[in-house]
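# Residue-level structural notes
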Amino acid sequence: MADLKSITRNELNQEVVFTALLVDIKIKSTKNDKKYADLTVQDATMKREIKLWDINQDDPLLDLCEEPAVVEICALVGEYQGRLQLTVKKITEIDRDSVDMSALIPSSKWNYEQMQQWLTEFRDKIKTLPVQTLVDRMVFQAPYYEKYCTYPAAKSVHHNFRHGILQHTLEVLKYCIMVATTKKLSQRQIDRLIAMAFLHDWAKIIEYEPLPSNQFSDEGKMLGHIFIGAHYTQKTIDTIDEFDRDDALIILNGILGHHGALEWGSPVLPKTVEAQILHQADKLSGDVESILSFMQEQENAKEPFTERLWNMSTEFYKGGIS
Ligand SMILES: [Fe+2]
Ligand SMILES: [Fe+2]
């Protein structure tokens, strides 16, 4: 049985069999108005699009990706315009309990114990006690900690894998600390910056359904992680004695402003240097991860350039990496 990444040109014109999660189905039409589907399947190694010809609107298959189904697929490996193209010969749903789900869900490549240790070390860098208590209550206490450490940070684009929020938060914390120490910010500013980095995407544990679902929760659709994050932060601050008003305002502005622009979903702009550093660190972490994972997905294609990465509006050069 193949994993998705191991299917290469060596299998051209052969049939391969693999188990995968069916995460998306897009129905399309040919020029002659025949319906077909682009299925997106994934296992722990990668996501792939595969073709399913001749499909009709009431095919029961179309219900399978709501709660991603585990499927066994037999596919023919072909080539179209220089790229590998897999065409479904047979697809069967299989019982979730009969497979090792960790083989189907991509996970951070960073060591999990190491990530947890770093997280604790960053919390302990906060010297303003009420601010440290805020981070401790929202991140390190049940029921939040386990979700914070396992949820993905996005549906797609960047850090969309198990432990995604954790890895992304650690990247943002590292970038923030580097700028803060280079520019010699005060300990008070550093404390606020660490807290806002910890909390900026915290609400993704509420915005998304747990893995392997690829869906937003009702709260996620209706409210979004920026509002939910600020709301929970305010509620938690209200339970902490002697929380400084400026600390509260600045941390809340950092969470609300972290997307950096009104058209990117932030209701207010970053109004402090800490909030602007957070926004830039957040963008850097997301952008770099999205380029690297896109290049990795396409490393087996012959061309020296990737396809166009939509959120960067350009293709990326794969030559000279190793
Ligand atoms: Fe965000
Ligand atoms: Fe983020």
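Look above for the structure.
First, a word on what this report is: a plain description of the structure on this page.

Here is what the cut-offs are and how they apply
- Residues numbered from 1 in each chain as written.
- Chains lettered and ligands numbered in written order.
- Predicted model: local features only at pLDDT ≥ 70, side-chain atom pairs only at ≥ 80, totals over all residues.
- Heavy atoms only, no water.
- Salt bridge = Lys/Arg side-chain N within 4 Å of Asp/Glu carboxyl O.
- Helix = DSSP H or I, 4+ residues; strand = E, 2+ residues; numbered from the N terminus.
- Buried < 20%, exposed > 50% of the residue type's maximum accessible area, 1.4 Å probe, protein only.
- Donors = N, O, S within 2.8 Å, 3.2 Å for Na, K, Ca; no water.
- Tetrahedral: all angles 85-135°; square planar, octahedral: opposite > 155°, others 65-115°.
- Axes fitted to C-alpha atoms, helices over the stretch in contact; angles between N-to-C directions.
- Parallel < 35°, antiparallel > 145°, perpendicular 65-115°, else oblique.
- Left-handed = near helix turned anticlockwise from the far one by under 90°.
- Contact = heavy atoms within 4.5 Å.
- Nonpolar A, V, L, I, M, F, W, Y, C, P; charged D, E, K, R; others polar.
- Patch = residues over 30% accessible without salt bridge, like charges linked within 9 Å, V, L, I, M, F, W, Y side chains within 5 Å.
- Areas by Shrake-Rupley, 256 points an atom, 1.4 Å probe, with all protein chains shown as cover.
- Lys, Arg positive; Asp, Glu negative; His and termini not counted.
- Charge placed at Lys NZ, Arg CZ, Asp CG, Glu CD.
- Pairing = 2+ DSSP bridges.
- Phe/Tyr/Trp six-rings, centres within 6.5 Å; stacked < 30°, edge-to-face > 60°.

The full count for this structure, using the stated rule, is 12 salt bridges. Between Asp-38 and Lys-51 there is a salt bridge, with the nearest N and O atoms lying 2.6 Å from each other. Note that Asp-38 is positioned in strand β2 (residues 35-42) and Lys-51 in strand β3 (residues 47-53), a separation of 13 residues in sequence. Taken as a pair, Asp-38 and Lys-51 share a single burial class, namely buried. Here Arg-192 ties to Glu-274 by a salt bridge, and the two come within 3.6 Å at their closest N and O atoms. Of the two residues, Arg-192 is situated in helix α5 (residues 187-199) and Glu-274 in helix α10 (residues 273-297); the sequence distance between them amounts to 82 residues. Bridged by salt links that share partners, the residues Arg-188, Arg-192, Asp-244, Asp-247 and Glu-274 form one connected network.

Moving on, we get to the coordination of the iron ion (ligand 2). Binding of the iron ion (ligand 2) to the protein goes through His-168 (NE2), His-200 (NE2), Asp-201 (OD) and Asp-282 (OD), at separations of 2.0 to 2.3 Å. Geometry at the iron ion (ligand 2) is irregular, judged from the four donor atoms that bind it and their angles of 83 to 179 degrees at the metal. Between the iron ion (ligand 2) and the iron ion (ligand 1) the interatomic distance comes to 4.1 Å, and Asp-201 is a ligand of both metals. One end of the pair, His-168, is in helix α4 (residues 164-182); the other, Asp-282, is in helix α10, with 114 residues separating them in the sequence. For the pair His-168 and Asp-282, one class covers both residues: buried.

What follows is about the packing of α4 against α10. Contact pair α4 / α10: the axes reach a minimum separation of 9 Å and the direction vectors enclose 130 degrees. Here α4 is positioned oblique relative to α10, judged by the angle of their axes. Our pair here, α4 against α10, has a crossing hand that is right-handed. Taking contact as the criterion, the partners of Gln-167, His-168, Glu-171, Val-172, Tyr-175, Cys-176 and Val-179 in α4 are, on α10, Ile-277, Leu-278, Ala-281, Asp-282, Leu-284, Ser-285, Gly-286 and Glu-289. Tallied by class, the residues present in the contact of α4 with α10 amount to eight nonpolar, four polar and three charged.

Another point: a negative patch on the surface. On the surface, Glu-67, Glu-209, Asp-218 and Glu-219 cluster together into a patch of negative charge. Relative to the elements of secondary structure, Glu-67 occurs in the loop between β3 and β4 (69-80).

With mixed pairing, the five strands of this closed barrel are ordered in space as β1-β2-β3-β5-β4. Pairwise comparison of adjacent strand axes, ignoring direction, gives a mean angle of 50 degrees for this sheet. In the sheet, strand β1 (residues 15-29) pairs with β4 via eight bridges, with the strands oriented antiparallel. Following the sheet pairing, Thr-19 is matched in β4 by Glu-72.

Scanning the model with the defined rule gives eight aromatic pairs in all. Measuring from centroid to centroid gives 6.0 Å for Trp-110 and Trp-118, while their planes differ by 85 degrees, and the two rings are edge-to-face. Geometrically, the ring pair formed by Phe-305 and Tyr-317 is tilted, given 5.0 Å between the ring centres and 45 degrees between the ring planes. Taken together, the residues Phe-305 in strand β6 (residues 305-309) and Tyr-317 in strand β7 (residues 314-317) connect sequence positions 12 residues apart. Taking relative accessible area as the criterion, Phe-305 reaches 41% and is therefore assigned partly exposed. Take Tyr-317: its relative accessible area is 49%, and that puts it in the partly exposed class. Put simply, the rings of Phe-140, Tyr-145 and Phe-198 pair up and form one aromatic cluster.

Where nonpolar side chains cluster on the molecular surface, the patch consists of Met-222, Leu-223 and Phe-227 and spans about 350 Å² of accessible area. Mapped onto the elements, Leu-223 comes out in the loop between α7 (218-222) and α8 (224-237).

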